[in-house]
Structures are given as structure tokens and as C-alpha cells.
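Examining the three-dimensional arrangement
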Amino acid sequence: MSDAVSIPSPAPQQATEQEPQALLVHTQDGALQAHPGESVLETLERHGHRLEFQCRSGYCGACRTPLLAGKVHYPNVPLAFVSQGECLPCCCKPLGAIRLSLKKE
């Protein structure tokens, strides 16, 4: 009898890292590519959209916009009230793709 122990080799591991979701801001005019780290307002401005705002920090709520789909992140908690189904583009960042309802100017 042998003292050898059979150790099964580990199963090949599948990649667990998910590919990052594209940062897209969908509007009635199409999909806008957001740059990492920029606010939704900065993305909109870079693509030629004009949106009412006063503070760029979530203090006043002037930029309050309906968020139809997706999720956003606030690096700093805004002082302005934000209801379910809306966001403050001046200070939030998209988490993946989002859809906004913007008023035409």
C-alpha cells in the first residue's frame, strides 16, 4: 500500500471581474458618453446641452431633473431635496447608463 495521496487539481477559475458598464447619459437627443469622474451636468454641457443650475454642488436644487432609468451616485450628500425618480445633475455621477428627461431650451 502506498502513502501517496491523490489531490485533485483545482478547477479552472472563470474570470469574476465584470467589464465596467459604459457611462452613458441617454436623453431625447440620443446617448452621450460620460467621462469617468465628471458630473452629469459636465457631460451634458460637453455635448452642447444647456441646463438650469446655480451652484454645482447640490445646494440649490435648480437643476433637479427626472431620472427615468438607471442610478446615480452623489460623492457628497446634496443639501437640496431629491425625490425618488429625480437627480441633481450638477453634483451626481452616473453609475452605468442612465436616462434623463430634459426640457428643450
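Look above for the structure.
I will try to describe carefully the structure that is included in this document. Because the structure is a prediction, the values reported are computed rather than measured.

**Overview of the pairing of strand 3 (residues 65-73)**
Where strand 3 and strand 4 (residues 86-87) come together, 2 bridges link them in antiparallel fashion. Of the residues in strand 4, the one forming a bridge with T65 is C87. As paired strands, strand 3 and strand 5 (residues 93-100) are joined by 5 bridges and run antiparallel to one another. Pairing of V72 across the sheet is with P94, part of strand 5.

**What about the pattern of salt bridges?**
As enumerated under the stated definition, the model contains 3 salt bridges in all. The salt bridge involving R46 is made with E38; its shortest N-O contact spans 2.6 Å. Using a relative accessible area of 37% as the deciding quantity, one classes R46 as partly exposed. Overall, the relative accessible area of 10% leaves E38 in the buried class.

What counts as what
- Residues numbered from 1 in each chain as written.
- Predicted model: local features only at pLDDT ≥ 70, side-chain atom pairs only at ≥ 80, totals over all residues.
- Heavy atoms only, no water.
- Pairing = 2+ DSSP bridges.
- Helix = DSSP H or I, 4+ residues; strand = E, 2+ residues; numbered from the N terminus.
- Salt bridge = Lys/Arg side-chain N within 4 Å of Asp/Glu carboxyl O.
- Buried < 20%, exposed > 50% of the residue type's maximum accessible area, 1.4 Å probe, protein only.

Read these as layout, nothing more, since geometry by itself doesn't imply function.
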